Amino acid sequence: MTQVEFLNIVMPFKDKVFRLAKRLLVSTEEAEDATQEVLLRLWNNKKKIQEYKNVEAFSMTMTKNFCFDKLKSKQAQNLKIVHSNYEDGNTSLQKQVELNDSVDWVSKIIEELPEQQKIIIQLRDIEEYDLDEIAKMLNMNNTAVRVNLSRARKTIREKLTSTHKYGIK
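Owing to the predicted nature of the structure, the values given are computational and were not obtained by experimental measurement. Each chain carries its own residue numbering, running from 1 in the direction its sequence is written. It should be noted that, the model being predicted, local features are given only for residues of pLDDT at least 70 and side-chain atom pairs only at 80 or more, the latter also being counted only at that level, while totals for whole chains, interfaces and linings use all residues. To get the side-chain values, take all heavy atoms of the structure and skip hydrogens and water.

Undergrad: Break down the nonpolar core for me, citing the residues and quoting the values.
TA: Core analysis: the largest hydrophobic core is formed by 40 residues, its most contacted members being Leu42 and Leu123. Secondary structure elements are defined from DSSP: runs of H or I of at least 4 residues count as helices, runs of E of at least 2 residues count as strands, and each element is numbered from the N terminus. Broken down by secondary-structure element, the contributors of at least two residues to this core are α1 (3-10), α2 (14-25), α3 (28-44), α4 (55-72), α5 (93-112), α6 (115-126), α7 (131-138) and α8 (142-166). Examining the composition of this core, we find that six residues originate from one element, α4, more than from any other. All domain edges in this entry derive from an automatic or database-based domain assignment. Taken domain by domain, the makeup of this core includes at least three residues from each of domain 1 (1-86) and domain 2 (90-169). Two residues form a contact once any of their heavy atoms are found within 4.5 Å. Not counting the four nearest positions on each side in its chain, Leu123 is found in contact with Leu20, Met60, Glu128, Tyr129, Ile134, Met137 and Leu138. Joining through side-chain atoms within 4.5 Å is the link that ties buried Ala, Val, Leu, Ile, Met, Phe, Trp, Tyr and Cys residues into a set, and such a set is a nonpolar core. Relative accessible area decides the class of each residue, using a 1.4 Å probe on protein chains only: under 20% of the type maximum gives buried, over 50% gives exposed, and in between gives partly exposed.

Shown next, in the form of C-alpha cells:
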C-alpha cells in the first residue's frame with residue numbers, strides 16, 4: 001500500500017478520531033497525540049488494513065482503547081476543559097455568554113457520565129454514527145447501546161434543566 005492509498009483511506013475519518021480522543025482525554029494536546037499514535041499504528045499495520053471490513057470502525061475502537069489506556073496510566077493528570085469550537089458573530093454578548101455557559105455545563109455533565117455512556121453520546125450525538133455501528137465498535141448489543149444512550153441523554157437533560165432552573169448547582 002502506498003502513502004497516497006493510505007491517506008485516501010484514513011483522511012476521511014481522521015477528524016472523527018481526534019474528536020473522540022478529545023472527548024475522552026479532554027485536552028487538545030493529548031487528543032492530538034492520541035490521534036497521531038492511532039494513525040501511526042494504522043500505518044505500521046497498513047498491510048493488514050485491507051482485511052478489515054470497516055477501517056473507520058476499527059480505528060475508532062483503537063482510539064477508544066488507546067485513550068482508556070492513557071487515562072489509566074500515570075500520564076493522565078489534571079486536564080482542563082477548553083471549548084473553543086463554538087462561535088457565532090451575530091449574537092449579542094449576553095447571548096454568547098449564555099450559550100458558552102450552556103456548552104460548558106453540557107460538557108461538564110458529559111464528563112461526569114459513566115465511561116460507557118460518555119463514549120456512546122460522543123459517537124452517536126457528536127460523530128453521528130448509527131446504533132449498529134456503535135454496537136459493533138463497542139462490542140455491545142444494539143439494545144444496550146440504545147438504553148445507555150437514553151440514560152445519558154436523560155441525565156444530561158435533568159442536570160441541565162436543574163442547573164438552569166436554580167442557577168446554581
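On we go.
Undergrad: Can you tell me about the pattern of salt bridges, naming the residues and giving the values?
TA: Only one rule defines a salt bridge in this text: a Lys or Arg side-chain nitrogen within 4 Å of an Asp or Glu carboxyl oxygen. Counted by the stated rule, this structure contains nine salt bridges. With its nearest N and O atoms 3.2 Å apart, the salt bridge here joins Arg41 to Glu37. With a gap of four residues between them, Arg41 and Glu37 both fall in helix α3, about one helical turn apart. Residue Arg41 is classed as partly exposed on the basis of its relative accessible area, which comes to 36%. What makes Glu37 partly exposed here is its relative accessible area of 27%.

Undergrad: A description of unusual backbone geometry should follow, citing residues and the corresponding values.
TA: Although it is not a glycine, Val26 sits at a positive phi angle of roughly 70 degrees. Within the fold, Val26 resides in the loop between α2 and α3.

Undergrad: Can you lay out the environment of Ser107 for me, pointing to particular residues and giving the numbers?
TA: Tracing the backbone through its elements, the reader meets Ser107 in helix α5. Along the backbone, Ser107 and Arg23 are 84 residues apart, and their C-alpha atoms lie at a distance of 8.9 Å.

Undergrad: Describe the packing of aromatic side chains, listing the residues and the values that go with them.
TA: Aromatic contacts are taken between Phe, Tyr and Trp rings whose centres are within 6.5 Å, Trp giving its six-membered ring; a plane angle under 30 degrees counts as stacked, one over 60 as edge-to-face, and the others as tilted. The final tally for this structure, using the stated rule, is two aromatic pairs. Relative to Trp43, the ring of Phe6 has its centre 5.0 Å away and its plane inclined at 75 degrees; by these criteria the two rings are edge-to-face. On the criterion of sequence distance, the pair formed by Phe6 in helix α1 and Trp43 in helix α3 is long-range, its members being 37 residues apart. A relative accessible area of 29% means that Trp43 is categorised as partly exposed. On the numbers, 4.0 Å between centres and 15 degrees between planes, the contact of Tyr52 with Phe58 is stacked. Its relative accessible area of 33% is what places Tyr52 among the partly exposed residues. The class of Phe58 is partly exposed, set by a relative accessible area of 28%. It is Lys16 that lies over the ring of Tyr129; its NZ or CZ is 4.9 Å from the centre. Two conditions define a charge sitting above a ring: the NZ of Lys or the CZ of Arg must be within 6 Å of the ring centre, and it must be within 35 degrees of the ring normal. It is Lys108 that lies over the ring of Trp105; its NZ or CZ is 5.3 Å from the centre.

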